[in-house]
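Remarks on the overall topology
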Amino acid sequence: MTSVYYRTTVWWAATLADLLLDLRSGRDTLSMRRHAIRTAQRKGSAVIQSNTTVVHGDGNGHAVRAVVRGMFLVTVSAGIAAAGDPDLEPGFPVQAWHGAGSYHSGQAIHVLVGNIDADDELEILMTALSTGPVYAWNADGSQVFGWPVAGGTGVGYVALGQLSIAYAGLEAAVGYWGDELVAYAGDGSVLPGWPVSASNYISTPPALGDVDGDGLDEFFIGEEDWKLHAYRADGTVLPGWPTSGFVGGQERHTPAIADLDGDGDLEILSTSGSTSPGVYLCAYHHDGTDVAGFPVLFSSTGGVDSFPTVGDVDGDGEREIVIALKSGMNGIVYVLSPDGSIERTLLSTGSFSYSSAVALADLDGDRTPEIILQTEGQLDVWKGDGSVFPGWPVMWSTSHWLGNSSPVVGDVDGDADMEIVVTSQVAGSSANGWVYVYNSDGTLHPSFPKSLPIGSGAVPAIADIDLDGRNEIIIGGSYWNGVLGNYDKVWAYDLGGGPHGRVEWSQFGGNARHTGVYVPATIPGDLDGDGDVDQADLGILLAAYGINDSGDCDGDGDTDQADLGILLANYGAGT
């Protein structure tokens, strides 16, 4: 007999007499939203009266229990068949189509989380393999209205950003493996000016950032033609782009978008494909011109893909550029100054054959991020000065492959400590994988590992998708057995506890825009990192307002009214 576990959700009902509990067809869970009940295809419903308990079957032998406690406050527990796992959220896993075809793998295959509609909860986006479409799911596992979407040919590599003010939430920017770029509203409709034909084909996701200060993001992407391309939100080409200069391989990977030199202007950084000389790191001003000191050649290094990240990793008040490459069979991390000079190198004894991506996260609470790298055989953590972080590395047996994973970091159990989440592929298996969660000292979380049919997997994500004060772990799969059809695609786990703390590195590229920038944990509004929120911080925010992320207090990659509200609420706090 399948064990049934219970999750509890509390919300306020408008009236009790007419409250219906609706079960979605084919799901063993309630269809619920905060402040609303979403009506779906019903397998059954029950009218709830005050101070009563109702147990209602869902047609599959599982129970749904509702208890009304006093006026309007309702507690509902949905029984779910979760393969014996009490951590799995109701409504998950969700499925997506998988068909035949080719696509570019590695960290380009990832779970994307952000708000694309009018409610406050977060949506989960992921591409189907190997030919699309792109799916979007609500926090309860139901599909977002208007999705999935299919634009160009093949897999869709996705980022989120502000591409229109006509719609609530963020918009989706998709580069299709074939030759098309498309921007979608949260309802799945195509934005005016799109689609745009790519120069060649797309192999890694775009990154989005507002580099011209118009309040809308620009769309930066490589098109396999030795150039980095940039488009305005309306699909027109950003002046000065695409870049020129045929260095390295034809790829220009997902760029980082950051203010490197503190002048209030955003720079854009991208790596070339690997060729016999090595890999080039390119850096451009917002007008497409080269930043002085770039491109930088990393000789005799490789890896199919590489992704720069940006953060002050050594606490000197200056942002560094951090990038993981392959030297021989080993992973190597370079730490560079904003002028392109190499400050230090960090060598892992683990290897990777395809690609990896660094995560930046503060594991010890000193407001300076550590550098985290996953390879085939281990998980490394270093301090920014190059020293090994206590308790690391964690090493695995040779039966583990990296697959498409890279680390994400956040508090997932309410202990105010940071946890690192990764997946791995069972060596030689296209079906099986593992999910690992490690505490900051390198010890394994007691609820893990978990075995899942994820194949080579995807970069996971950490986010409070349902706004219950607890950060969920969202896992993506890539398993296919060669038969066309729907396969389990996304799992969401809630480890309980709470309220949970900060998410340091939430997903591929650190955020939904994929800007690759680490925003330090401080007193909210303490933008200069001096331990208090004062006039100097207000000046920084106002100078960055609507222009760049230097005043970003909420970690969403920009400086806007929400950030100003956070700063003013904390004005005067600190030492």
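Along each chain, residues carry numbers from 1 onward, in the same order as the chain's sequence is written. Per-residue local features are limited, in this predicted model, to residues with pLDDT of at least 70; the limit for side-chain atom pairs, both in listing and counting, is 80 or more; totals at the level of whole chains, interfaces and linings are taken over all residues. To get the side-chain values, all heavy atoms of the structure are used, and hydrogens and water are removed first.

1. Some thoughts on the pattern of salt bridges
- What makes a salt bridge here is a side-chain nitrogen of Lys or Arg within 4 Å of a carboxyl oxygen of Asp or Glu, nothing more. Counted by the stated rule, this structure contains 14 salt bridges.
- Its salt-bridge partner being Glu-343, residue Arg-344 comes within 3.5 Å of it at the nearest N-O pair.
- The partner of Arg-470 in a salt bridge is Asp-468, and the shortest N-O contact between them spans 3.2 Å.
- With relative accessibility at 21%, the residue Arg-470 sits in the partly exposed group.
- Here's how the labels work: a residue is buried when its accessible area is under 20% of the maximum for its type, exposed when over 50%, partly exposed in between, all with a 1.4 Å probe on protein chains only. Looking at Asp-468, the relative accessible area reads 27%, which means it is partly exposed.
- Linked by salt bridges that have partners in common, Asp-364, Asp-366, Glu-370 and Lys-383 make up one network.

2. Side note on the nonpolar core
- Val-113, Ile-124, Leu-181, Ile-465, Ile-473, Ile-474 and Ile-475 are the most contacted members of the largest nonpolar core, which totals 59 residues.
- If one sorts the elements of this core by residue count, strand β38 (residues 485-493) sits on top with 4 residues.
- The contacts of Ile-124, once residues within four sequence positions are left out, are Phe-92, Val-111, Leu-112, Val-113, Tyr-135, Ala-136, Trp-137, Ile-465, Ile-474 and Val-490.
- Residue types Ala, Val, Leu, Ile, Met, Phe, Trp, Tyr and Cys, when buried and joined through side-chain atoms within 4.5 Å, form a set referred to as a nonpolar core. Grouped together as the second largest cluster of nonpolar side chains are 29 residues, Val-358, Phe-389, Met-418 and Tyr-438 included. For helices the rule is a DSSP run of H or I covering at least 4 residues; for strands it is a run of E covering at least 2, with both sets numbered from the N terminus onward. Contacts are residue-level and defined by heavy atoms, with any inter-residue pair within 4.5 Å sufficient.

3. Comments concerning the environment of Pro-239
- With respect to the helices, strands and loops of the structure, Pro-239 is situated in the loop between β17 (228-231) and β18 (249-252).
- Sequence separation between Pro-239 and His-286 is 47 residues; the distance between their C-alpha atoms is 9.2 Å.
- Once residues within four sequence positions are removed from consideration, Pro-239 is found in contact with Arg-232 and Asp-287.

4. Structural notes on the environment of Asp-212
- Note that Asp-212 resides in the loop between β15 (207-209) and β16 (218-222).
- Judged by relative accessible area, Asp-212 falls into the partly exposed class, the value being 35%.
- Remark: the alpha-carbon pair of Asp-212 and Ile-547, spanning 335 residues in sequence, is separated by 7.0 Å.
- When residues no more than four places from it in sequence are discounted, the contact partners of Asp-212 are Glu-218 and Leu-238.
- By the criterion applied in these results, polar contacts are pairs of N or O atoms within 3.5 Å in which, for protein atoms, one can donate a hydrogen and the other can accept it, and in which residues neighboring in sequence qualify only through two side-chain atoms. Within polar-contact distance, the side chain of Asp-212 engages the backbone nitrogen of Asp-214 at 3.3 Å.

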